[in-house]
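Below are the chains, spelled out letter by letter.
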Amino acid sequence: MQEDLVFKALADPTRRTILDALFERDGRTLGELLTVVSATTEMTRFGVAKHVKLLEEAGLVTTRKLGRERLHFLNPVPIRLIHDRWIDKYTDPHITALVALKNQLEEEQ
């Protein structure tokens, strides 16, 4: 199921870093993504490529070949579908009020 692939992709901090980098600036090469990932963790080009492949399989990243380079782009639609299915329904006013009450009670302790 596509939804399971999206959850799996989002579960990994390296993949979330890649998605954040593409959100900041779309159309990055694998080398650029490696530079971004290497700022927080030691990883090889092959390791980043494996993460990008999983993101592509989940539909979160699309790739376009431009000359000799492959550019990677964020596709936010699967994240929005997860939001609409799993998150939005839990943000209704009653639940929001309960969370606010819980936070207030915990602060008073």
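An account of the accompanying structure is given in this report. From a predicted model like this one, the values you see are computed outputs, not experimental measurements.

Focus on the pairing of strand β2 (residues 69-74)
Line of reasoning, step 1. Note that strand β1 (residues 61-66) and β2 share six bridges and pair antiparallel. In the strand pairing of β2, Arg64 is matched with Leu71.
Line of reasoning, step 2. The turn joining β1 and β2, which pair antiparallel and follow one another in sequence, is formed by two residues; a positive phi near 65° is taken by Gly67.

Thoughts on the layout of surface pockets
Line of reasoning, step 1. Its volume calculated, the largest pocket comes out at about 180 Å³.
Line of reasoning, step 2. Lining the largest pocket are Thr29, Leu30, Gly31, Arg45, Ala49, Val52, Lys53, Glu56, Glu69, Arg70 and His72.
Line of reasoning, step 3. Secondary-structure elements contributing two or more residues to the lining of the largest pocket are α3 (30-38), α4 (45-57) and β2.
Line of reasoning, step 4. Top contributing element to the lining of the largest pocket by residue count: α4, with five residues.
Line of reasoning, step 5. For the lining of the largest pocket, the per-class residue count stands at three nonpolar, three polar and five charged.

Brief notes about a nonpolar patch on the surface
Line of reasoning, step 1. A cluster of nonpolar side chains, contributed by Phe7, Trp86, Ile87, Tyr90, Ile95 and Val99, occupies part of the molecular surface with about 520 Å² of accessible area.
Line of reasoning, step 2. Elements with a contribution of two residues or more to the nonpolar patch: α5 (77-87) and α6 (93-108).
Line of reasoning, step 3. Relative to the helices and strands, Val99 resides in helix α6.

Comments concerning the nonpolar core
Line of reasoning, step 1. Counting 19 residues, the largest nonpolar core has Ile18, Leu33, Val48, Val52, Leu55 and Leu60 as its most contacted members.
Line of reasoning, step 2. For this core, the secondary structure elements donating two or more residues are α1 (2-10), α2 (13-24), α3 and α4.
Line of reasoning, step 3. Residues contacting Leu60, with those up to four places away along its chain left out, are Val6, Ala9, Leu10, Leu19, Leu55, Phe73, Leu74, Asn75, Pro78 and Ile79.

Some remarks on the packing of aromatic side chains
Line of reasoning, step 1. If you walk through the whole model with that rule in mind, you get one aromatic pair.
Line of reasoning, step 2. Aromatic side chains Phe7 and Trp86 sit 6.5 Å apart centroid to centroid with 70° between the ring planes, which places their arrangement in the edge-to-face category. Here Phe7 is found in helix α1, whereas its partner Trp86 is found in helix α5, with 79 residues between them in sequence.
Line of reasoning, step 3. Just above the ring of Trp86 sits the side chain of Arg85; from NZ or CZ to the centre is 4.0 Å.

Conventions we followed
Residues numbered from 1 in each chain as written. Predicted model: local features only at pLDDT ≥ 70, side-chain atom pairs only at ≥ 80, totals over all residues. Heavy atoms only, no water. Pairing = 2+ DSSP bridges. Helix = DSSP H or I, 4+ residues; strand = E, 2+ residues; numbered from the N terminus. 1 Å grid on protein atoms, 1.4 Å probe; cavity = no way out; pocket = protein on both sides within 12 Å on 5 of 7 lines; lining within 4 Å. Points joined across faces, edges and corners; volume = space filled by probe spheres on them. Nonpolar A, V, L, I, M, F, W, Y, C, P; charged D, E, K, R; others polar. Patch = residues over 30% accessible without salt bridge, like charges linked within 9 Å, V, L, I, M, F, W, Y side chains within 5 Å. Areas by Shrake-Rupley, 256 points an atom, 1.4 Å probe, with all protein chains shown as cover. Salt bridge = Lys/Arg side-chain N within 4 Å of Asp/Glu carboxyl O. Core = buried A, V, L, I, M, F, W, Y, C linked by side-chain atoms within 4.5 Å. Buried < 20%, exposed > 50% of the residue type's maximum accessible area, 1.4 Å probe, protein only. Contact = heavy atoms within 4.5 Å. Phe/Tyr/Trp six-rings, centres within 6.5 Å; stacked < 30°, edge-to-face > 60°. Lys NZ or Arg CZ within 6 Å of the ring centre and 35° of its normal.

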